Amino acid sequence: PLRGFRGCAVREFTFVAQKPGCKGLRITTEACWGRCHTWERPILEAPFIHRHHRVCTYSHMRILSARLPGCLPDVSPLYHYPAALQCHC
Amino acid sequence: YDGLAPGCHLFPFNVTIRSDRRSTCKGSHVLHACVGYCESSAFPSRYSVLVASNFTHNITSASRCCTISKDAKVKVRLDCPRGRHHDEIEILTARACRCDMCRKSRY
C-alpha cells in the first residue's frame, strides 16, 4: 500500500539505542517517512535552475527517555530520543 | 501534478520569451522540467552523530529530491514586429530526471 504513497506521514521506526558503557536497547518509536513534491525547472536568469526541494521531517515531536541496561556505575543509563507527533514536507 | 506516480519525471511547460529593449520580439517554446515525488525520511540520530554534533542533531534526514540529471540547450527563435528581423536565444531544458541529492532551494 505504500508503493504509491505521496505525502509525509508518521511511521513506526525501530533502532538500537547504544552508548559507551551500557548495553544496547531495541527501541520502537515514531519517525517520519514519505514522498514530498519536489521539482527543478530551467529559468532564463542565473542560477538557471529554479529548485523546489522539500524533505519529509518532524513538524511536532516530543523527547522520550529510555533506561539502558547494564550500564557501568559512572555512566547514566538514560538515553533521550525524539518521537514524532506530526510530520510534514 | 496530481496524476504523477512516485518518482521523478519529465514535465513539459510552455515559455514565452521577449527580447530587445522594448520587448517587442517574442517567441514561445515547450521546455521540460523535472517534477515528482521522491522518498525521504527522518529518524533519531545514532549516538555517534549526537556526540559529533554536541547533542544538537538529534534527528537524521535521509532524502532524495527530484533533480535534472541531464540537460540540453535549445535555441528559441524570437520573431520581431513586421518580420523585419529575428533574434535567437539559447535556453536550457531537462532531458532526463532522477531522484537524487536534495539541495537548498534558492527561492
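What you see is a predicted model; the values in this text were computed from it and never measured.

**Student:** Account for the overall build of chain A, with residues named and values stated.
**Tutor:** The helix and strand inventory of chain A stands at zero helices and five strands. Ordering the α and β elements of chain A from the N terminus gives β-β-β-β-β. A compact globule built from 89 residues would reach a C-alpha radius of gyration of about 12 Å, whereas chain A, at 19 Å, exceeds it by more than 25%. Projected onto its principal axes, the C-alpha coordinates of chain A cover approximately 65 × 35 × 20 Å. In chain A, which comprises 89 residues, the proportion classed as buried is 30%. Once local pairs closer than 6 in sequence are excluded, the contacts in chain A between residues at least 24 apart make up 54%.

**Student:** Please set out the UniProt feature "domain: Glycoprotein hormone subunit beta" (unreviewed entry) in chain A residue by residue, giving values where relevant.
**Tutor:** Per the UniProt record, "domain: Glycoprotein hormone subunit beta" (unreviewed entry) is found at residues 7–89 of chain A. A helix fraction of 0% and a strand fraction of 66% characterise residues 7–89 of chain A, whose end C-alpha atoms lie 7 Å from each other.

**Student:** Before we move on, can you summarise the interface of chain A and chain B with the specific residues and values?
**Tutor:** The partner chain B presents 36 residues to the 33 residues of chain A that form the contact. Among the secondary structure elements, those contributing two or more residues to the side of chain A that touches chain B are strand 1 (7–17), strand 2 (25–42), strand 3 (49–52), strand 4 (57–67) and strand 5 (78–88) of chain A. Looking at which element gives the most residues to the side of chain A that touches chain B, the answer is strand 2 of chain A, with 13 residues. Of the residues assigned to the side of chain A that touches chain B, the class counts are 17 nonpolar, 10 polar and six charged. The pairing of strand 2 of chain A with strand 2 (residues 25–44) of chain B spans nine bridges and is classified as antiparallel. By the bridge assignment, A:Gly34 is partnered in strand 2 of chain B with B:Ser40.

**Student:** Help me get a handle on the confidence of the model for chain B, residues and values and all.
**Tutor:** Detailed reading of the predicted coordinates is not advisable wherever pLDDT is low. Averaged over every residue, the pLDDT of chain B is 89; residues scoring 70 or more account for 92%. Confidence metrics for the complex model read pTM 0.86 and ipTM 0.91.

What counts and how
- Residues numbered from 1 in each chain as written.
- Chains lettered and ligands numbered in written order.
- Predicted model: local features only at pLDDT ≥ 70, side-chain atom pairs only at ≥ 80, totals over all residues.
- Helix = DSSP H or I, 4+ residues; strand = E, 2+ residues; numbered from the N terminus.
- Rg over C-alpha atoms; globule rule 2.2 N^0.38 Å.
- Buried ≥ 20, exposed ≤ 12 C-beta atoms within 10 Å, placed from the backbone.
- Contact = placed C-beta atoms within 7 Å.
- UniProt positions renumbered as here; feature names shortened; annotations may be inferred.
- Nonpolar A, V, L, I, M, F, W, Y, C, P; charged D, E, K, R; others polar.
- Pairing = 2+ DSSP bridges.
- pLDDT = per-residue confidence, 0-100.

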